[in-house]
Amino acid sequence: MGADDPPTETPSAPSGRWTASLLVALVAAGAYAPTVRNGFVYDDARGVLEHPVVQATVPWSGALTHDFWGVRAGVGHSVGTWRPLVTLTFRALWSLGGAPWPFHLTEVLLHALASVLVFRVLGRRCSSPLAALVAAFVFAVHPLHSEAVASVVGLADVASFVGVLGALGLLFQPGPLAVAGGLGCALAALLCKESAVVPLALLPVLVALEEPSRWRAAVARGAALAAVVGLFLAARLRVVGGLQGFAPDWLANPLVDAHGVGRVLCSLRLLGHAVSLHLVPLNFLPDHGRNTYVTLPSPTPDGLVALGVLVAVGLGVVIFKGRGRSPWAVGGLWFLVPALPAVHLPVLLPIAFAERHWYLPSAGAALLAGEVAAWMAGRFGARWALPAWGLLVGLFGALTLQRGAEWGNETTLFSSALALEPDNAAMRFNLAAVLYNAGRLDDAARLCAGAAERVPEWSVPYGCLGSIAADRGDLASAERHFQAMLRGRLPKLEFHLRYVRILLRQGRTEEARAILRGWHRRGVWTRETDRLWRRTRTTPSSG
């Protein structure tokens, strides 16, 4: 296919396209079907189990005034992730009885739809039906998507992707209904996840590059799309109070300490890390750790930085030479442009690296994989290329099944993370919290002590150790750990309130009030903090 040729349709016969679409959907659903048995894991607690809108403790309209994690938008500790359509979807699913399986089933079905759209919409940009089909299969089973599909809160990424591809498939078709449908899909994508604004901005450019004769239509409908994006940003600005939201902290995103050239090097290293996971999908974690991918404050170029530079420059050359019209250029654009938010350009995200951030950019990687498969078939013959790619898709599917099982519950998830990265302080604490709730205090204490040793300035492990010591009746040790907690960074309300209760039992009312005042200054005031504050007014002070 030449640079000036129009996009090639996937299989020419409509019946063949529908058969292939059904096969893609079945493969995608099959790879993730076992996750329907999974529970609510990790961030699902904040996004579902503790969210006041989802739990129906506030009206449906609260989805417009609360962020994705259940905090009233605009409050000091809100991270500004405003995704009302996903929140409303969660509330509807919760009303079915509160079991996790409807959430997971919805996500599996949406992922199957997303895989079909890769075949039917993005596949039109491929050089051959074979390339489109391989791209769809690779996307459908790639293990990198496990976090997005197996975790309930990943619904935001999957649904947003479906909306973006729906907009691409409809917006530039003839007829007002198609245009209206495309704009509706674009708005739905934005209401599911804010980062959809980046790939949506790419859509008119892709159409204008593919078919220069349609530039007038691309400009006109691009203007309508820009109006929808503008309305969304205005609504978000009004609700959240800013376009970025709450600034990330140093533990979840150490890029807050990077500036200038160092920031660029960090972004290139994140790109290289993501590419390595696309090529060798083995080292997956729910939290990739502060030192896994960024060396601060002076980032040092290494193999991942070199890989990021190689990919960025190589795809840049492919895009320039193909003028955005060749299948290779389309794949490069679809990978690099949506990757900009994932590598923190131009703004920082609350967490430095999350696998679900790469759900949308990986569609571009899948297109490039499809083109490699088509090239191999032309160079070596289909009888050699097809079995090789079939084996690769099967291997990816097996890894996805394994990864989906790891997301079954928090014990399996955090245990697998620690087996892969023993020095990950966040995963040590997360597993400790699970063991603490199960009554395994010795194991929990060991893990929390290890977390404190690895990140000594983090307050949370000391709060965990203080709680364990208090449960054992060792108040002297509990006091020592709680004092270390108060000196640390990134406090957790749960542990501070435990300490407040101990202080009130000891008659140390003024100390308890000081802790509660600190949380009030942070913009955090819950029913429990209010209840404890009232107790400070009725509890006699010992001094």
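Definitions and limits used
Residues numbered from 1 in each chain as written. Predicted model: local features only at pLDDT ≥ 70, side-chain atom pairs only at ≥ 80, totals over all residues. Heavy atoms only, no water. Helix = DSSP H or I, 4+ residues; strand = E, 2+ residues; numbered from the N terminus. Rg over C-alpha atoms; globule rule 2.2 N^0.38 Å. Buried < 20%, exposed > 50% of the residue type's maximum accessible area, 1.4 Å probe, protein only. Contact = heavy atoms within 4.5 Å. Areas by Shrake-Rupley, 256 points an atom, 1.4 Å probe, with all protein chains shown as cover. Lys, Arg positive; Asp, Glu negative; His and termini not counted. Charge placed at Lys NZ, Arg CZ, Asp CG, Glu CD. Core = buried A, V, L, I, M, F, W, Y, C linked by side-chain atoms within 4.5 Å. Disulfide = S-S within 2.5 Å. Expected span 1.5 Å × (residues − 1). Arc of directions from axis to C-beta. Polar contact = N/O pair within 3.5 Å; in protein donor to acceptor, adjacent residues only side chain to side chain. Salt bridge = Lys/Arg side-chain N within 4 Å of Asp/Glu carboxyl O. Patch = residues over 30% accessible without salt bridge, like charges linked within 9 Å, V, L, I, M, F, W, Y side chains within 5 Å. Phe/Tyr/Trp six-rings, centres within 6.5 Å; stacked < 30°, edge-to-face > 60°. Lys NZ or Arg CZ within 6 Å of the ring centre and 35° of its normal.

## Focus on the overall build of the protein
- Along the protein, the regular secondary structure elements total 23 helices and zero strands.
- Against the globule reference of 24 Å for 543 residues, the protein gives a C-alpha radius of gyration of 25 Å, in line with a compact fold.
- In terms of overall dimensions, the protein has a C-alpha envelope of 85 × 50 × 45 Å along the principal axes.
- Burial status across the protein gives 54% buried among its 543 residues.
- Pairs at least 24 apart in sequence give 70% of the contacts found in the protein among residues at least 6 apart.
- Looking at the protein as shown, the accessible area adds up to about 22800 Å², and 64% of this sits on carbon and sulfur atoms.
- Considering the protein, the positive charge centre built from 47 side chains and the negative charge centre built from 35 side chains are found 5 Å apart.

## Digging into the nonpolar core
- Core analysis: the largest hydrophobic core is formed by 108 residues, its most contacted members being Phe-90, Phe-161, Leu-200, Trp-334 and Trp-358.
- The residues contacting Phe-161, other than those within four sequence positions of it, are Ala-114, Val-118, Phe-139, Trp-334, Tyr-359, Leu-360 and Ala-363.

## A look at the state of the cysteines
- Tallying each qualifying case throughout the model produces one disulfide.
- Note that Cys-448 is cross-linked by a disulfide to Cys-464, the S-S spacing being 2.3 Å. Negative torsions about the S-S bond denote left-handed disulfides, and the value of about 75 degrees found for Cys-448 with Cys-464 makes this one right-handed. Separated by 16 residues along the polypeptide, Cys-448 in helix α18 (residues 441-454) and Cys-464 in helix α19 (residues 460-471) bring together distant segments of the chain.
- Residue class for Cys-464 comes out buried when judged on its relative accessible area of 3%.
- The thiol sulfur of Cys-185 is not disulfide-bonded, and the nearest other cysteine sulfur, from Cys-192, lies at 11 Å.
- Judged by relative accessible area, which is 22%, Cys-185 ranks as partly exposed.

## Quick look at the environment of Val-317
- Within the secondary structure, Val-317 is located in helix α12 (residues 303-322).
- Judged by relative accessible area, Val-317 falls into the partly exposed class, the value being 42%.
- For the pair Val-317 and Ala-329, spaced 12 residues apart in sequence, the C-alpha to C-alpha distance is 8.9 Å.

## Observations regarding helix α23 (residues 527-538)
- The terminal C-alpha atoms of α23, which comprises 12 residues, lie 17 Å apart, in line with the 16 Å expected from a rise of 1.5 Å per residue.
- Along α23, the positions that sit buried rather than exposed are Thr-529, Leu-532, Trp-533 and Thr-536. Projection of α23 onto a plane perpendicular to its axis shows the buried side chains occupying an angular sector of 105 degrees, all on one side. Opposite the buried face of α23, by more than 90 degrees, sit the exposed residues Arg-527, Arg-537 and Thr-538.
- In this structure, the buried residues of α23 make contact with α21 (493-505) and α22 (509-521).

## Re the side chain of Asp-67
- Structurally, Asp-67 can be placed in the loop between α2 (44-49) and α3 (84-94).
- Reaching out from Asp-67, the side chain makes a polar contact with the backbone nitrogen of Trp-69 at a distance of 2.8 Å.
- At a separation of 3.0 Å, a polar atom in the side chain of Asp-67 contacts the main-chain amide nitrogen of Gly-70.

## Considering the pattern of salt bridges
- Counted under the stated rule, the structure contains 19 salt bridges.
- A salt bridge links Glu-510 to Arg-513; the nearest nitrogen and oxygen atoms lie 2.9 Å apart. Here the residue Glu-510 and the residue Arg-513 both occupy positions in helix α22, the gap between them amounting to three residues, near one helical turn.
- A salt bridge links Glu-528 to Arg-531; the nearest nitrogen and oxygen atoms lie 2.7 Å apart. Here Glu-528 and its partner Arg-531 are both found in helix α23, three residues apart, which amounts to about one turn of the helix.

## With respect to unusual backbone geometry
- A cis amide bond links Leu-345 to the next residue, Pro-346, at an omega of 5 degrees.
- By the element assignment, Pro-346 lies in the loop between α13 (327-342) and α14 (362-380).
- Despite not being glycine, Ala-56 shows a phi value in the positive range, around 65 degrees.
- Positionally, Ala-56 belongs in the loop between α2 and α3.
- A positive phi angle, near 60 degrees, is found at Leu-490, a position not held by glycine.
- Mapping Leu-490 onto the fold places it in the loop between α20 (475-487) and α21.

## Points about a nonpolar patch on the surface
- Together, Trp-328, Val-372, Trp-375, Phe-380 and Trp-384 make up a nonpolar patch on the protein surface, roughly 580 Å² of accessible area in all.
- If you trace the backbone, Phe-380 turns up in helix α14.
- Residue Phe-380 is classed as partly exposed on the basis of its relative accessible area of 48%.

## Description of the side chain of Glu-147
- Examined against the element boundaries, Glu-147 turns out to sit in helix α6 (residues 146-150).
- For Glu-147, a relative accessible area of 2% puts it in the buried group.
- Side-chain polar atoms of Glu-147 contact the side chain of Arg-356, separated by 2.6 Å.
- Residues in contact with Glu-147, not counting those within four places in the same chain, are Gly-154, Leu-285, Ala-354, Glu-355, Arg-356 and Trp-407.

## Considering the packing of aromatic side chains
- Scanning the model with the defined rule gives 16 aromatic pairs in all.
- Their ring planes at 65 degrees and their centres at 5.2 Å tell us that Phe-139 and Tyr-359 sit as a pair that is edge-to-face. A residue pair is termed long-range when its members are at least 10 positions apart, and Phe-139 in helix α5 (residues 129-141) and Tyr-359 in the loop between α13 and α14 qualify at 220 residues.
- Since its relative accessible area comes to 1%, Phe-139 is described here as buried.
- With relative accessibility at 1%, the residue Tyr-359 sits in the buried group.
- Taken together, a centroid distance of 6.0 Å and an interplanar angle of 35 degrees make the contact between Phe-335 and Trp-358 tilted. In this pair, Phe-335 sits in helix α13 while Trp-358 sits in the loop between α13 and α14, placing the two residues 23 residues apart along the sequence. Each member of the pair, Phe-335 as well as Trp-358, is classed as buried.
- In this structure an aromatic cluster arises from ring pairing among Phe-40, Phe-68, Trp-69, Phe-90, Trp-94 and Phe-103.
- Of note, Arg-83 hangs over the ring of Phe-68, and the distance from its end group to the ring centre comes to 4.9 Å.
- One residue, Arg-120, lies across the ring of Trp-18, its end atom 4.7 Å from the ring centre.

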